[in-house]
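Commentary on secondary and tertiary structure
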Amino acid sequence: MCELFGASSAGPRGYSRWLSALRLRGGLQADNPDGWGVATWHEGRAMVEKSPEPGWTSGRFLEIAHGARSALVVAHVRKARHPPSPGLRNTHPFAHACCDREWVFAHNGLVPVGADCPSACHPEGETDSETAFCRLLADIASEYDADEHGRWVGRLARAASAIALTGKFNFLLSDGRLLVAYGHDRLHFLETPSREAGVALVATEAITDDPWRAFEPGELRAYRDGRLLARLAAQPGTPGRPPSRILHAPSHGDRP
């Protein structure tokens, strides 16, 4: 099954140790040979590079792993399941516009959510992942603009838990400011908090020998500048009324 890697930092920096480890899991050290992708942000704009080739054989992935510098990263190595063949349009991360911002999304799991999508977001490929991405954006769009204190993150957690009812739904999502990670059943985090140089990392597996910690089932964590902004428990529950319990709320000074 696909693997994810995300990073949020107080400023641009390199992530070669972790991206190099993820690259090897793209078909060499793990069965994810069907594509790779890395999104980084530069002057507020997302740059997404991806290919349907195995990550561990890609010279370009190697260059990015050692050379990329960014305050935000969303990366993915793919095991093709739906559709069950590689292809650039079906390679993560995906990017779509919403609420006057560019959003990036990568997913691990399988969610048979159907083919219908909100008119505001049209998938370019055939994956369940991109369809779910569009549904999340449609769900938060009405609150995102007007909410300075991140109530849209709570809405996102509830929408994610509702989709998780249909299958396996672990994902990374970013609007260029926040890194949001939802761990339905398989995600880990590594935090080194510091006001000057904090960094928060998220990965499907503990890809290095650092002290990674597992997400609780159904846990959502939102990071900004390498610091935890919000943490919510949003375990899948009754359709239409998925629970959401705030474990860590943003202060008035922590605005997304």
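Residues numbered from 1 in each chain as written. Predicted model: local features only at pLDDT ≥ 70, side-chain atom pairs only at ≥ 80, totals over all residues. Heavy atoms only, no water.

1. Overview of the state of the cysteines
For the structure shown, the criterion picks out one disulfide. Here cysteine 121 is linked by a disulfide to cysteine 134, with a sulfur-sulfur distance of 2.0 Å. Its torsion about the S-S bond being -55 degrees, the disulfide of cysteine 121 and cysteine 134 is classed as left-handed. Separated by 13 residues along the polypeptide, cysteine 121 in the loop between strand S6 (101-110) and helix H3 (128-144) and cysteine 134 in helix H3 bring together distant segments of the chain. In terms of burial, cysteine 121 and cysteine 134 fall into one category: buried. (Disulfide = S-S within 2.5 Å. Helix = DSSP H or I, 4+ residues; strand = E, 2+ residues; numbered from the N terminus. Buried < 20%, exposed > 50% of the residue type's maximum accessible area, 1.4 Å probe, protein only.)

2. Details of the nonpolar core
Core analysis: the biggest nonpolar cluster contains 33 residues, and Trp103, Trp152 and Phe169 have the highest contact counts within it. Looking at this core, the elements with two or more residues in it are strand S5 (94-98), S6, H3, helix H4 (151-164), strand S7 (168-174), strand S8 (178-183), strand S12 (219-224) and strand S13 (227-233). Top contributing element to this core by residue count: H4, with eight residues. Judged by nonpolar contacts, the second largest core, of 22 residues, contains Ala21, Phe61, Val199 and Ala203. (Core = buried A, V, L, I, M, F, W, Y, C linked by side-chain atoms within 4.5 Å.)

3. Side note on the confidence of the model for the protein
A residue-level look at the protein finds 84% of positions with pLDDT of 70 or above and a mean pLDDT of 87. Mean pLDDT across the elements of the protein bottoms out in strand S14 (residues 245-248) (56) and peaks in helix H2 (residues 59-67) (98). Counted against residues more than four places away or in other chains, residues 237-243, with its pLDDT under 50, gives 13 contacts. A low-confidence stretch, residues 251-256 stays under pLDDT 50, and its non-local contacts, those more than four residues away or across chains, total 14 contacts. (pLDDT = per-residue confidence, 0-100. Contact = heavy atoms within 4.5 Å.)

4. With respect to the packing of aromatic side chains
Scanning the model with the defined rule gives eleven aromatic pairs in all. Arranged with centres 5.5 Å apart and planes meeting at 85 degrees, the rings of tryptophan 103 and tryptophan 152 form a pair that is edge-to-face. Linking tryptophan 103 in strand S6 with tryptophan 152 in helix H4, this pair joins segments that are 49 residues apart in sequence. The burial state of tryptophan 103 is the same as that of tryptophan 152; both residues are buried. Plain terms: the ring middles of phenylalanine 171 and tyrosine 182 are 5.5 Å apart, the flat faces sit at 25 degrees to each other, and that makes the pair stacked. With phenylalanine 171 in strand S7 and tyrosine 182 in strand S8, this residue pair connects regions lying eleven residues apart in the sequence. Taking relative accessible area as the criterion, phenylalanine 171 reaches 0% and is therefore assigned buried. Aromatic rings pair up to connect Phe105, Phe133, Phe169, Phe171 and Tyr182 into one cluster. The ring of phenylalanine 189 has arginine 221 lying over it, and the distance from NZ or CZ to the ring centre is 3.9 Å. (Phe/Tyr/Trp six-rings, centres within 6.5 Å; stacked < 30°, edge-to-face > 60°. Lys NZ or Arg CZ within 6 Å of the ring centre and 35° of its normal.)

5. Re the pattern of salt bridges
If you walk through the whole model with that rule in mind, you get 17 salt bridges. Arginine 25 is paired through a salt bridge with glutamate 3; the nearest N and O atoms lie 2.7 Å apart. Taken together, the residues span a long stretch of sequence, with arginine 25 in the loop between helix H1 (16-24) and strand S2 (36-42) and glutamate 3 in strand S1 (residues 3-14) at a distance of 22 residues. Notably, a salt bridge pairs glutamate 126 with arginine 89, separated by 2.6 Å at the nearest N-O pair. Of this pair, glutamate 126 sits in the loop between S6 and H3 while arginine 89 sits in the loop between strand S4 (69-77) and S5; the two residues are 37 residues apart in sequence, bridging distant segments of the chain. Residue class for glutamate 126 comes out partly exposed when judged on its relative accessible area of 39%. Ionic contacts of the salt-bridge type, sharing partners, join the residues Glu191, Glu216, Glu219, Arg221 and Arg231 into one network. (Salt bridge = Lys/Arg side-chain N within 4 Å of Asp/Glu carboxyl O.)

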